[in-house]
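The chain contents come next:
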Amino acid sequence: MAKNVDIKNGVIFPAGDKNVAYQDFFVGQSYLQGLVNDPDVSVGVGNVTFEPGCRNNWHIHHDGFQILLVTGGEGWYQEAGHTARRLKAGDVVVTKDGVKHWHGATKDSWFSHIAITAGTPEWLEPVSDEAYAALDGKEE
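These lines cover the structure that appears in this document, whether it is placed above or below. Everything numeric here is computed off the predicted structure, so don't read it as measured data. (Residues numbered from 1 in each chain as written. Predicted model: local features only at pLDDT ≥ 70, side-chain atom pairs only at ≥ 80, totals over all residues. Heavy atoms only, no water.)

1. A look at the packing of aromatic side chains
Stated formally: Note on ring pairs: Phe, Tyr and Trp rings are taken, using the six-membered ring of Trp, and paired if centres are within 6.5 Å. Classes follow the plane angle, with under 30 degrees stacked, over 60 edge-to-face and the rest tilted. A run of DSSP states H or I qualifies as a helix once it reaches four residues; a run of E qualifies as a strand once it reaches two. Both are numbered from the N-terminal end. Think of it in three bands: with a 1.4 Å probe and only protein chains considered, a residue is buried below 20% of the maximum accessible area for its type, exposed above 50%, and partly exposed in between.
Within this structure, the stated rule accounts for seven aromatic pairs. Arranged with centres 6.3 Å apart and planes meeting at 45°, the rings of Phe-26 and Trp-123 form a pair that is tilted. One end of the pair, Phe-26, is in strand E2 (residues 26–27); the other, Trp-123, is in strand E10 (residues 111–123), with 97 residues separating them in the sequence. When the ring of Tyr-31 is compared with that of Trp-110, the centres are 6.2 Å apart and the planes differ by 25°; the resulting orientation is stacked. Residue Tyr-31 is located in strand E3 (residues 30–36), and its partner Trp-110 is located in the loop between strand E9 (101–105) and E10; the two are separated by 79 residues in the primary sequence. Trp-110 shares its class with Tyr-31; the two are buried. Among the aromatic side chains, those forming a connected cluster through ring pairs are Tyr-22, Phe-25, Phe-26, Phe-50, Phe-111 and Trp-123.

And the structure:
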């Protein structure tokens, strides 16, 4: 049975609708609730919720950044060339301009974070099933 199932109903903010706008860049099902979508503000803010096993593809933010504020569940964050980091509620991740990375839920837990994003994303290849499966049981 999956852990943190209550996250599917939202933690602080609503989980949102199925993330159809970005579904081609995710393995598994995610949900997106836009929180700041003001054209006069140069950052986007959204609540992203991941079903167990869901993760996004490797990607880069050009001319910008991404800040993740973890609100619930258990997840992973990894930058290219570095070991994956296990995430839990209260963790903060800062991804700087041009850094290739991915993030998503652990295989057995729902996961939610607020994403504060500036710049233009470049979506790349999916995280392989083999690389993702190898994270099982790792603490960092």
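2. Observations concerning the pattern of salt bridges
Selection criterion: A pair is scored as a salt bridge if a Lys or Arg side-chain nitrogen falls within 4 Å of a carboxyl oxygen belonging to Asp or Glu.
According to the stated counting rule, one finds six salt bridges in the structure shown. With a closest N to O distance of 3.7 Å, Lys-3 and Asp-108 form a salt bridge. Of this pair, Lys-3 sits in the segment before strand E1 (17–18) while Asp-108 sits in the loop between E9 and E10; the two residues are 105 residues apart in sequence, bridging distant segments of the chain. Its relative accessible area of 33% is what places Lys-3 among the partly exposed residues. One salt bridge connects Arg-55 with Asp-129, and the closest N-O pair in it is separated by 2.7 Å. A residue pair is termed long-range when its members are at least 10 positions apart, and Arg-55 in strand E5 (residues 55–56) and Asp-129 in helix H1 (residues 129–133) qualify at 74 residues. Put simply, Lys-3, Glu-74, Arg-86 and Asp-108 are held in one network by salt bridges that share partners.

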